[in-house]
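Reading the structure
Given next are the chains, with one letter for each unit.
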Amino acid sequence: MLDHPTLNHLRALKLDGMAEAFAELQRQDDATELSHAEWLGLLIDREAANRSTKRYQSRMRAAKLRHGGAAIEDVNYRAPRQLDRDLFRQLAHGDWIGKRQNLIITGPCGVGKTWLACALGQKACRDGRTVLYHRLSRLFADLELAHGDGRFPRLFRQIIRTDLLILDDWGPERLTTSQRRDLMEIVEDRYQNGSIIITSQLPVDAWHDVIGEPTFADAILDRIVHNAHRLPLDGPSMRKNET
């Protein structure tokens, strides 16, 4: 007689995990052998797991990863792209994010730079960290529009406050004056406050020319490169093997 009122109360209190566990226990014959403390423990465990899953799903939606299904467990270490297995597994632990360090992934088109960055982003979401993915060219376009319509402060706060910012596909076009300014503001405010992953087909030595203005280039690269891990890749495009 108490089944329906109890479930209704749990759902009204938004304790959906407890409600699901309660309903399952009611259907199990051997549940009557459990003590009250054991029942309560099972309900609380389910509620905690349910809330953890919802928080993870919320972080993943906010991250907007290009490859949402990418996961570190699925990394193909056999592909001929010179991926440093030991370094990548070390990066997967996420300690570098806690230390506010950066990661630079370079290599030719098709070797999986973006996928690997998204896999690390997904792992960061699983670890309870906030993540934000942006293709750099589109981010610059969004920032330019935001300057004009008043959205810039809100967009900038999102970029700055996330634990891990993924900037995908750096270069090869030279930055404009406004793009240099925006990038400088981003790396300046994130320096020692948050981590950045940058993927690029260009070697780091060529980035100075992409930024264009020497004073800005020196300042930007100093804040990105000096505390960055590097994951250089090389090899044929992996897309050729896709079916």
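Residues numbered from 1 in each chain as written. Predicted model: local features only at pLDDT ≥ 70, side-chain atom pairs only at ≥ 80, totals over all residues. Heavy atoms only, no water.

1. Considering the UniProt feature "domain: AAA+ ATPase" (unreviewed entry) in the chain
- Under the feature "domain: AAA+ ATPase" (unreviewed entry), the UniProt entry names residues 99-231.
- Taken as a whole, residues 99-231 contains 52% helix and 20% strand, while its terminal C-alpha atoms sit 18 Å from one another. (UniProt positions renumbered as here; feature names shortened; annotations may be inferred. Helix = DSSP H or I, 4+ residues; strand = E, 2+ residues; numbered from the N terminus.)

2. Quick notes on the sheet that holds strand β1 (residues 102-106)
- Read across the open sheet, the 5 strands follow the order β2-β3-β4-β1-β5; overall the sheet is parallel. In this open sheet, the two strands that pair with only one neighbour each are β2 (131-135) and β5 (228-232). The sheet shows a mean angle of 15 degrees between the axes of neighbouring strands, taken without regard to direction.
- Note: β2 against strand β3 (residues 164-170), 5 bridges, orientation parallel. For H134, the partnering residue across the bridge sits in β3 and is L167.
- Docked against the sheet, helix α9 (residues 177-190) engages β3 and β4 (195-200), running at close to 145 degrees with respect to β3. (Pairing = 2+ DSSP bridges. Axes fitted to C-alpha atoms, helices over the stretch in contact; angles between N-to-C directions. Contact = heavy atoms within 4.5 Å.)

3. Considerations on the environment of A71
- Take A71: it is sitting in the loop between α3 (36-63) and α4 (85-92).
- On the basis of relative accessibility, which here comes to 9%, the residue A71 falls in the buried class.
- Considering only alpha carbons, one finds A71 and Q122, 51 residues apart in sequence, at a separation of 6.4 Å.
- Filtering out sequence-adjacent residues up to four positions away, A71 remains in contact with W115, A119, Q122 and R126. (Buried < 20%, exposed > 50% of the residue type's maximum accessible area, 1.4 Å probe, protein only.)

4. Here we look at unusual backbone geometry
- In this chain, G171 is followed by P172 through a cis amide linkage whose omega measures 5 degrees.
- Inspection of the secondary structure assignment puts P172 in the loop between β3 and α9.
- The phi torsion at R100 lies on the positive side, around 60 degrees, for a residue other than glycine.
- A positive phi is found at Q192, a non-glycine position, where the angle reads about 65 degrees.
- Here Q192 lies in the loop between α9 and β4.
- In this structure Q192 comes out as exposed when scored by relative accessible area, which is 55%.

5. Describing the side chain of D168
- Note on placement: D168 falls in strand β3.
- A distance of 2.4 Å separates the side chain of D168 from the side chain of T199, its partner in a polar contact.
- Leave out the neighbours within four places in its chain, and D168 touches R66, T114, Y133, H134, R135, L136 and T199. (Polar contact = N/O pair within 3.5 Å; in protein donor to acceptor, adjacent residues only side chain to side chain.)

6. Structural notes on the nonpolar core
- Ranked by internal contacts, the top residues of the largest apolar core, which has 34 residues, are L143, I159, W170, W207 and I224.
- Of all elements in the fold, only α7 (136-149), α8 (152-161), β3, α9, β4, α10 (207-211) and α11 (214-225) reach the threshold of two or more residues within this core.
- The dominant element in this core, judged by the number of residues it contributes, is α11, at 6 residues.
- What W207 contacts, discounting residues up to four positions off in sequence, is I104, T106, W170, I198, S200, L202, L221 and I224. (Core = buried A, V, L, I, M, F, W, Y, C linked by side-chain atoms within 4.5 Å.)

7. As for the packing of aromatic side chains
- Considering all chains together, one arrives at 3 aromatic pairs under this definition.
- Relative to F88, the ring of Y77 has its centre 6.5 Å away and its plane inclined at 70 degrees; by these criteria the two rings are edge-to-face. You can see Y77 sitting in the loop between α3 and α4 and its partner F88 sitting in helix α4, a full 11 residues away along the chain.
- Pairing F152 with F156 gives two aromatic rings, centres 5.4 Å apart and planes at 25 degrees, and the pair type is stacked. Taken as a pair, F152 and F156 lie in helix α8 at a separation of 4 residues, close to a single helical turn.
- By relative accessible area, which is 14% here, F152 ends up buried.
- Classification of F156 as buried rests on a relative accessible area of 11%.
- Against the face of Y77 rests R89, its NZ or CZ located 5.1 Å from the ring centre. (Phe/Tyr/Trp six-rings, centres within 6.5 Å; stacked < 30°, edge-to-face > 60°. Lys NZ or Arg CZ within 6 Å of the ring centre and 35° of its normal.)

8. Topic: the pattern of salt bridges
- For the structure on display, the rule yields 9 salt bridges.
- A salt bridge links D16 to K54, with the shortest nitrogen-to-oxygen separation between them at 3.3 Å. Taken together, the residues D16 in helix α2 (residues 16-27) and K54 in helix α3 connect sequence positions 38 residues apart.
- What makes K54 partly exposed here is its relative accessible area of 41%.
- One salt bridge connects R223 with E188, and the closest N-O pair in it is separated by 2.4 Å. Taken together, the positions of R223 in helix α11 and E188 in helix α9 put the pair 35 residues apart, joining distant regions of the chain.
- On the basis of relative accessibility, which here comes to 22%, the residue R223 falls in the partly exposed class. (Salt bridge = Lys/Arg side-chain N within 4 Å of Asp/Glu carboxyl O.)

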